[in-house]
Amino acid sequence: MSAPVLFLDFDGVIGAGRVWAQNEAKRWTSPAGWLDPALIARLNRLVRRSGADVVLSTSWRKYLTPRSTAALLRACGFTGRVIGATEVLGEGIEQRHREVERWLRERPDVTRWVAVDDCEIALPPARFVRTHAVHGLTDADVERVHAMLYEEVLTDHADEQHS
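Throughout what follows, the structure given in this document is the object of discussion.

The rules behind the values
Residues numbered from 1 in each chain as written. Predicted model: local features only at pLDDT ≥ 70, side-chain atom pairs only at ≥ 80, totals over all residues. Heavy atoms only, no water. Pairing = 2+ DSSP bridges. Helix = DSSP H or I, 4+ residues; strand = E, 2+ residues; numbered from the N terminus. Axes fitted to C-alpha atoms, helices over the stretch in contact; angles between N-to-C directions. Salt bridge = Lys/Arg side-chain N within 4 Å of Asp/Glu carboxyl O. Buried < 20%, exposed > 50% of the residue type's maximum accessible area, 1.4 Å probe, protein only. Phe/Tyr/Trp six-rings, centres within 6.5 Å; stacked < 30°, edge-to-face > 60°. Arc of directions from axis to C-beta. Contact = heavy atoms within 4.5 Å.

Read across the sheet, 5 strands follow the order S3-S2-S1-S4-S5 without closing on themselves; strand pairing throughout is parallel. Where the open sheet ends on each side, the last strands, each with one partner, are strand S3 (82-85) and strand S5 (128-130). Taking the axes of each pair of neighbouring strands and ignoring which way they run, one obtains an average angle of 25° across the sheet.

Across all of its chains, the model carries 11 salt bridges by this definition. Two residues, Arg45 and Asp139, come together in a salt bridge whose shortest N-O distance is 2.4 Å. Placement of the pair is Arg45 in helix H2 (residues 37-50) and Asp139 in helix H5 (residues 139-162), with a sequence separation of 94 residues. The partly exposed category is assigned to Asp139, whose relative accessible area is 41%. Between Arg102 and Glu87 there is a salt bridge, with its nearest N and O atoms 3.0 Å apart. Pair noted here: Arg102 is in helix H4 (residues 96-105) and Glu87 is in the loop between S3 and H4, with a separation of 15 residues, a long-range link. By relative accessible area, Arg102 is classed as partly exposed at 30%. Here the salt bridges do not stand alone but share partners, grouping Asp9, Arg96 and Asp117 into one network.

What follows concerns the packing of aromatic side chains. As enumerated under the stated definition, the model contains 3 aromatic pairs in all. Residues Phe10 and Trp60 carry aromatic rings whose centres are separated by 4.8 Å and whose planes lie at 65° to one another, so their mutual orientation is edge-to-face. With Phe10 in the loop between strand S1 (5-8) and helix H1 (17-22) and Trp60 in the loop between strand S2 (53-56) and helix H3 (66-75), the pair connects residues that are 50 residues apart, well separated along the chain. With respect to burial, Phe10 and Trp60 carry one shared label: buried. Members of the aromatic cluster, each reached through a chain of ring pairs, are Phe7, Trp103 and Trp113.

A word on H4. Buried within H4 are the following residues: Arg96, His97, Glu99, Val100, Trp103 and Leu104. Along the axis of H4, the buried positions cluster into a sector of 160°, meaning they face one direction only. Looking at the buried positions of H4, the neighbouring elements they touch are S1, S2, S3 and strand S4 (113-117).

What follows is about the pairing of S4. The two faces of the sheet receive side chains in turn, since in a regular strand these alternate between them. The element S4 is extensively covered by neighbouring structure, given that 5 of its 5 residues are classed as buried. Taking every second residue as pointing to the same face, both faces of S4 are buried, with Trp113, Ala115 and Asp117 on one and Val114 and Val116 on the other. Pairing of S1 with S4 involves 4 bridges; the strand directions are parallel. In the strand pairing of S4, Leu8 is matched with Val116. In terms of strand pairing, S4 meets S5 through 3 bridges, oriented parallel. Along S5, the bridge assignment pairs Asp117 with Arg130.

What follows is the structure, given as structure tokens:
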């Protein structure tokens, strides 16, 4: 069984209104100025606890390579593993669900996954956590994502026991 996957947006998830206001000047000279260390710490807790790998679904993947984005995350304190990025299928958020679905279709071994974004995405509610753009990833969001990933494992084991 493959590791669970977390499809990760940045803006409104690990970068939010509070840090944007504090880093107004810095954020235009350094992408790291967009990211909130407290939200990165929450993300670290989530991936450590769940064992999830990260797939970039953020619009940042249009401007930075997955490798440079992963390096930026590490420089900001991220301790998890970035295993790739979804393909960009168009401008705007409207295609994000298709980008996630395509990535999954190409990797049928991935059965446990959740997408986290501050915008509404046309994904099943049991696979999607929407954050608030001003607050970003909260402790409650971390718990919800973990429960979604863990519930899938419980369901898989229950199915195996009844076979």
